[in-house]
Amino acid sequence: MSERLAIDGGTPVRTQPFPSRAQGFGEEDMRYVTEVLQSGHLSRVGGAKTKAVEEQFAAMLGVKHALAVTSGTAAIHTAVGMINPNPGDEIITTPLTDMGTVIGILYQNALPIFADVVPGGYHLDPESVRRNITDRTKAIIVVHLWGMAANMDAFLAIGEEHGIPIIEDCAQAYFTEYRGRHVGTMGRVGCFSLQQSKHLTAGDGGLVVTSDDELAVRGRLFADKGWDRTGADRGHLFLGMNYRISELQSAVALAQLGKLKERVARRQELGDKLTAMISDLPGVRPASPSAESGNTYWFYPLAVEEKTLGISRERFMAALNAEGVPCWGWLGKPLYLFEALLEQRTFGTSHHPFDSPAASRKIVYRPGLCPNAEQTLCEAMALTVHEFYSEDDVADMGAAIRKVAASARKG
Ligand SMILES: Cc1ncc(COP(=O)(O)O)c(C=O)c1O
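Attention in this report is confined to the structure presented alongside it. (Residues numbered from 1 in each chain as written. Predicted model: local features only at pLDDT ≥ 70, side-chain atom pairs only at ≥ 80, totals over all residues. Heavy atoms only, no water.)

**Description of the packing of aromatic side chains**
Argument step 1. Summed over the entire model, instances satisfying the criterion amount to 16 aromatic pairs.
Argument step 2. Consider the rings of Phe114 and Tyr365, whose centres lie 5.3 Å apart with planes at 65°: the pair is edge-to-face. Separated by 251 residues along the polypeptide, Phe114 in strand 3 (residues 111-114) and Tyr365 in the loop between helix 11 (339-342) and helix 12 (371-379) bring together distant segments of the chain.
Argument step 3. The exposure class of Tyr365 is buried, given its relative accessible area of 5%. (Phe/Tyr/Trp six-rings, centres within 6.5 Å; stacked < 30°, edge-to-face > 60°. Helix = DSSP H or I, 4+ residues; strand = E, 2+ residues; numbered from the N terminus. Buried < 20%, exposed > 50% of the residue type's maximum accessible area, 1.4 Å probe, protein only.)

**Brief notes about the site of the ligand**
Argument step 1. Taken together, 14 residues sit near the ligand, with Gly72, Thr73, Asp169, Ser193 and Lys198 positioned nearest.
Argument step 2. With respect to the ligand, the side chain of Thr101 contributes an N or O atom lying 3.3 Å from a nitrogen atom.
Argument step 3. Gln172 is positioned such that a nitrogen or oxygen atom in its side chain is 2.9 Å from an oxygen atom of the ligand.
Argument step 4. Per element, the largest residue contribution to the shell around the ligand is 3 residues, and it comes from helix 3 (residues 72-83).
Argument step 5. Partitioning the shell around the ligand into residue classes produces 3 nonpolar, 8 polar and 3 charged. (Near = heavy atom within 4 Å. Polar contact = N/O pair within 3.5 Å; in protein donor to acceptor, adjacent residues only side chain to side chain. Nonpolar A, V, L, I, M, F, W, Y, C, P; charged D, E, K, R; others polar.)

**Comments concerning the environment of Val45**
Argument step 1. Along the chain, Val45 turns up in the loop between helix 1 (27-39) and helix 2 (49-61).
Argument step 2. On the basis of relative accessible area, Val45 is assigned to the partly exposed category, the value being 32%.
Argument step 3. Between the alpha carbons of Val45 and Ser246 there is a distance of 8.8 Å; along the sequence they are 201 residues apart.
Argument step 4. Those residues in contact with Val45 that sit more than four places away from it in its chain are Arg229 and Arg244. (Contact = heavy atoms within 4.5 Å.)

**Some thoughts on the sheet that holds strand 14 (residues 327-328)**
Argument step 1. Reading across the sheet, the 4 strands line up as 12-13-15-14 and stay open at both edges, with antiparallel pairing between neighbours. A strand with exactly one partner marks an edge of an open sheet, and here the two such strands are strand 12 (284-285) and strand 14.
Argument step 2. Relative to strand 15 (residues 380-383), strand 13 (residues 300-304) runs antiparallel, the two sharing 4 bridges. Residue pairing across strands places Ala303 opposite Ala380, the latter belonging to strand 15.
Argument step 3. Together, strand 12, strand 13, strand 14 and strand 15 form the strand contacts of helix 10 (residues 313-322), whose direction differs from that of strand 15 by roughly 15°. (Pairing = 2+ DSSP bridges. Axes fitted to C-alpha atoms, helices over the stretch in contact; angles between N-to-C directions.)

**Quick notes on helix 10**
Argument step 1. All buried positions along helix 10 are accounted for by Arg313, Phe316, Met317, Ala319 and Leu320. Projected down its long axis, helix 10 shows its buried positions confined to an angular sector of 165°, all on one face.
Argument step 2. A positive phi of about 95° marks Gly324, the residue just after helix 10. (Arc of directions from axis to C-beta.)

**Quick notes on the packing of helix 3 against helix 4 (residues 100-107)**
Argument step 1. Running from amino to carboxyl end, helix 3 crosses helix 4 at an angle of 40°, the nearest separation of the two axes being 8 Å. For the element pair helix 3 / helix 4, the angle class is oblique. The handedness of the crossing between helix 3 and helix 4 comes out as right-handed. Residues Thr73, Ile76, His77 and Val80 of helix 3 pack against Gly100, Thr101, Ile103, Gly104, Ile105 and Tyr107 of helix 4. (Parallel < 35°, antiparallel > 145°, perpendicular 65-115°, else oblique. Left-handed = near helix turned anticlockwise from the far one by under 90°.)

**Notes on the nonpolar core**
Argument step 1. Ranked by internal contacts, the top residues of the largest apolar core, which has 128 residues, are Phe316, Leu320, Leu383 and Ile401.
Argument step 2. Top element by residues in this core is helix 8 (residues 247-278). It accounts for 11 residues.
Argument step 3. Residues within four places of Leu320 in sequence aside, it is in contact with Val325, Cys327, Met381, Leu383, Ala400, Ile401 and Val404. (Core = buried A, V, L, I, M, F, W, Y, C linked by side-chain atoms within 4.5 Å.)

**Notes on the pattern of salt bridges**
Argument step 1. Within this structure, the stated rule accounts for 30 salt bridges.
Argument step 2. For Arg361, the salt bridge goes to Glu90, with nearest N and O atoms at 2.8 Å. Here Arg361, found in the loop between helix 11 and helix 12, pairs with Glu90, found in strand 2 (residues 90-93); they are 271 residues apart in sequence, far enough to count as distant.
Argument step 3. When salt bridges with common partners are traced through the structure, they connect Arg266, Glu269, Lys273 and Glu391 into a single cluster. (Salt bridge = Lys/Arg side-chain N within 4 Å of Asp/Glu carboxyl O.)

This is the structure we're talking about:
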């Protein structure tokens, strides 16, 4: 007989709260922040902390250039600014991502084109990307979701074939390896986020990486109002943003960066343990690392198949939460169904750039646009596994998932 679920009045698997990531900040963070405050120099221009973050991050990834900016959204906007689309050009990406992936596309007057993901998966389907390429396609933004790498071989081949640069959105995938290479280092530009939930955080912040010298110069200018600081006279060479991160954020980022590799490795170990505990359950699809890609577990994605399990994802999530294991539905809907995109609410009363004469076709976002992505969101949920969890914490998570799944099958 299966155990009575906590949601039905049974005893929860877990009553203690899970560990917080707050313990990840300590003496070194305080020392670096204090150093910045005592120096009285809080701007990155002429500061040492941002420079150190950029140098260390580039060295850790093995790329020539890293640029620290104010957010992951700013990092992607900067990457788009580096590629420099013409108004009305198109940039293909996935609808399973944060809004920050497409904001910069629109602010550069380009059009986000959503390709579908692979059936039952989280990443862009190369064939769907191919079908969406037109003579206006200026870039492809590949998102490495949840800590797992997308099929980079296929995207690099498509990029090469069509002469289209690949931007990698690695906001959720620090040090994920794809066939032995770090994500972010394979495309023309890689982008990272330092927002609170990310593997590396300073509350907010972002990093742009590239090994292309010309793009690196353009990115640095783009994120600094197009300001060329190399000459004696002030010059604004082209339209750019102010995405300068402050030395205070960089002080925290620098302290955190030193611990990042170790933390990612621990997270990987614990996430893989949880996967091993639940991978035999019918109707439950854990986040398996594949032969090509590791998983660094931003959050832990779990998908449940209602048909096999006999209960809905909503019931599964409610039951798991009642067992004391927090889980939630993450994005809720594909990006194109959020009002800003669905109704193309952009600038003033216009729908610019969607209604711009520079656009070569009418872009319509609608339910059913990317059926695989919509199906994935009906099945997937997010759980937390991070570097401060213990083996026992993960064992409780595994036990709770097994209990809910067993009870679902018994009906
Ligand atoms: C995949 C992805 N891309 C972009 C972003 C945007 O990053 P930020 O929130 O730092 O602007 C996020 C952050 O949530 C993300 O998860």
